[in-house]
Amino acid sequence: MITTLRGKTKEVAISTEGPVVIIGESINPTRRKKLVSTLQANNFDFVLELAETQIKAGADVLDVNVGFPGVNDVKLLPETVKVLQEHFDVPLCLDSPNPMAIEASLKVAEGKCLINSVNGEEKSLQTLLPVAREYGAAIIGLCMDDDGITHFPEKRLAIAEKIIERAISAGIKAEDIIIDPLAMAVSADPQACIVTLETIRLIHTRLGHNITQGASNISFGLPDRESLNASFMAVSIYNGLTCPIANPEKITAMVRATDLVLGRDDFAVRFVEFFQSRQ
Ligand code: THG
């Protein structure tokens, strides 16, 4: 199955057969005080810097999250989208819990964006699916619903199936639905990663959809986050993860290595190209 996203002109194809497409995570105010302070001053220089750095480091799509306490993201998210698209051609992943901010951004965005995110809650499905349909956007479906987050992979799979069914009834194409199995901090729950890995395997083998996850979530609160994220990333990709939201500056080399190891990089062309681009 292939999900196609578009910037102003550039198309990015995400295939369930790989290779992996990296969605850059860094335009996110979590622990980035400078992003908050510059955006509060209506200054987009730092956002543009984060975008450029991530694209150079291997991001094919950029996640855009400008949510922080006190912000009016119905105004700020579309403004940020516009500025980004004036400078860069990569497709955007609109990351907000506020459906109004998502819709306002889709109104001004060019190309085909990814909505981050819809979940299995009735309210989310009813609000966002018609919006995705109207603007021709793809969606990320989070495996949680009105009962919250379950620890059983089979139940997460059932929520994914529900989101897919409802999205298709709303007129969205199957290939435009990317599933997020939910990656959570392993410091808070020793089983967190294995539950996610098993969910990825089930979604990949039974549903055959593209799969994303906030891959750096798992290492919150622990030292040497890079090693942990790398380990989790490799196993996730083997199980069916195709478009992680991650920090390309830290993860691209090992993602290219994993594609090569999994037989998706003939004659190591992409691996060597990436290595040379860093010399
Ligand atoms: N699923 C979906 N969307 C998501 C998430 C998800 N969006 C947000 C988040 N989770 C993924 N994005 C991030 C962004 C930054 C970090 C983690 C996840 C992060 N930042 C460093 C920190 O907090 O210390 C700071 C910068 C760095 O060192 O890279 O870890 O799960 N659909």
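Residues numbered from 1 in each chain as written. Predicted model: local features only at pLDDT ≥ 70, side-chain atom pairs only at ≥ 80, totals over all residues. Heavy atoms only, no water.

Caption draft 1: Looking closely at the overall build of the protein chain. A count of helical and extended segments in the protein chain gives 10 helices and nine strands. Judged by the C-alpha coordinates and their principal axes, the protein chain covers about 50 × 45 × 35 Å. Relative to its 279 residues, the protein chain shows a buried fraction of 54%. By element, 53% of the accessible surface of the protein chain is carried by carbon and sulfur atoms, the whole surface being about 12,500 Å². Here the protein chain carries 27 positive and 36 negative side-chain charges, and the mean point of each set is 2 Å from the other. (Helix = DSSP H or I, 4+ residues; strand = E, 2+ residues; numbered from the N terminus. Buried < 20%, exposed > 50% of the residue type's maximum accessible area, 1.4 Å probe, protein only. Areas by Shrake-Rupley, 256 points an atom, 1.4 Å probe, with all protein chains shown as cover. Lys, Arg positive; Asp, Glu negative; His and termini not counted. Charge placed at Lys NZ, Arg CZ, Asp CG, Glu CD.)

Caption draft 2: Structural detail: the pattern of salt bridges. All chains considered together, the criterion is met by nine salt bridges. Between Arg-6 and Glu-11 there is a salt bridge; the shortest N-O distance is 3.6 Å. Among the residues examined, Glu-11 registers a relative accessible area of 52% and is labelled exposed. Here Arg-206 ties to Glu-154 by a salt bridge, and the two come within 3.3 Å at their closest N and O atoms. Here the residue Arg-206 occupies a position in helix H7 (residues 192–207), and Glu-154 occupies one in helix H6 (residues 153–169), the gap between them amounting to 52 residues. (Salt bridge = Lys/Arg side-chain N within 4 Å of Asp/Glu carboxyl O.)

Caption draft 3: Molecular detail of the confidence of the model for the protein chain. Taken residue by residue, the protein chain gives an average pLDDT of 97. The fraction at 70 or more is 100%. At the low end of the mean pLDDT range in the protein chain sits helix H1 (residues 33–40), at 94; at the high end sits strand S8 (residues 177–180), at 99. (pLDDT = per-residue confidence, 0-100.)

Caption draft 4: How the structure looks around the site of the ligand. The full set close to the ligand counts 17 residues, and Asp-95, Asn-116, Asp-180, Asn-217 and Arg-225 are the nearest of them. Contact between the ligand and Gly-214: an oxygen atom at 3.4 Å from a main-chain N or O atom of the residue. Burial of the ligand by the protein chains amounts to 82% of its free accessible area of 670 Å². Residues that form the shell around the ligand fall into these classes: four nonpolar, six polar and seven charged. (Near = heavy atom within 4 Å. Polar contact = N/O pair within 3.5 Å; in protein donor to acceptor, adjacent residues only side chain to side chain. Nonpolar A, V, L, I, M, F, W, Y, C, P; charged D, E, K, R; others polar.)

Caption draft 5: Here's a closer look at the packing of helix H4 (residues 99–108) against helix H5 (residues 122–135). Running from amino to carboxyl end, H4 crosses H5 at an angle of 5°, the nearest separation of the two axes being 11 Å. Put simply, H4 runs roughly parallel to H5. Across the interface between the two elements, Pro-99, Ile-102, Glu-103, Leu-106 and Lys-107 from H4 touch Thr-127, Leu-128, Val-131, Glu-134 and Tyr-135 from H5. In terms of residue class, the contact of H4 with H5 is built from six nonpolar, one polar and three charged. (Axes fitted to C-alpha atoms, helices over the stretch in contact; angles between N-to-C directions. Parallel < 35°, antiparallel > 145°, perpendicular 65-115°, else oblique. Contact = heavy atoms within 4.5 Å.)

Caption draft 6: Spotlight on the nonpolar core. Core analysis: the largest hydrophobic core is formed by 63 residues, its most contacted members being Leu-84 and Met-233. Of all the elements, H6 adds the most residues to this core, at six residues. Setting aside its immediate chain neighbours within four residues, Met-233 contacts Ala-215, Leu-241, Pro-244, Ala-246, Ile-251, Met-254 and Val-255. Judged by nonpolar contacts, the second largest core, of 16 residues, contains Val-12, Val-61, Ile-140 and Leu-182. (Core = buried A, V, L, I, M, F, W, Y, C linked by side-chain atoms within 4.5 Å.)

Caption draft 7: The pairing of strand S1 (residues 2–6), seen in detail. Along S1, the buried face is formed by Thr-3 and Leu-5; none of Ile-2, Thr-4 and Arg-6, which line the opposite face, is buried. As defined by bridge partners, S1 adjoins strand S2 (residues 11–15) across five bridges and the pair is classed as antiparallel. Each bridged residue has a counterpart across the sheet, and for Arg-6 the counterpart in S2 is Glu-11. Here S1 folds back onto S2, and the loop between the two strands holds four residues. (Pairing = 2+ DSSP bridges.)

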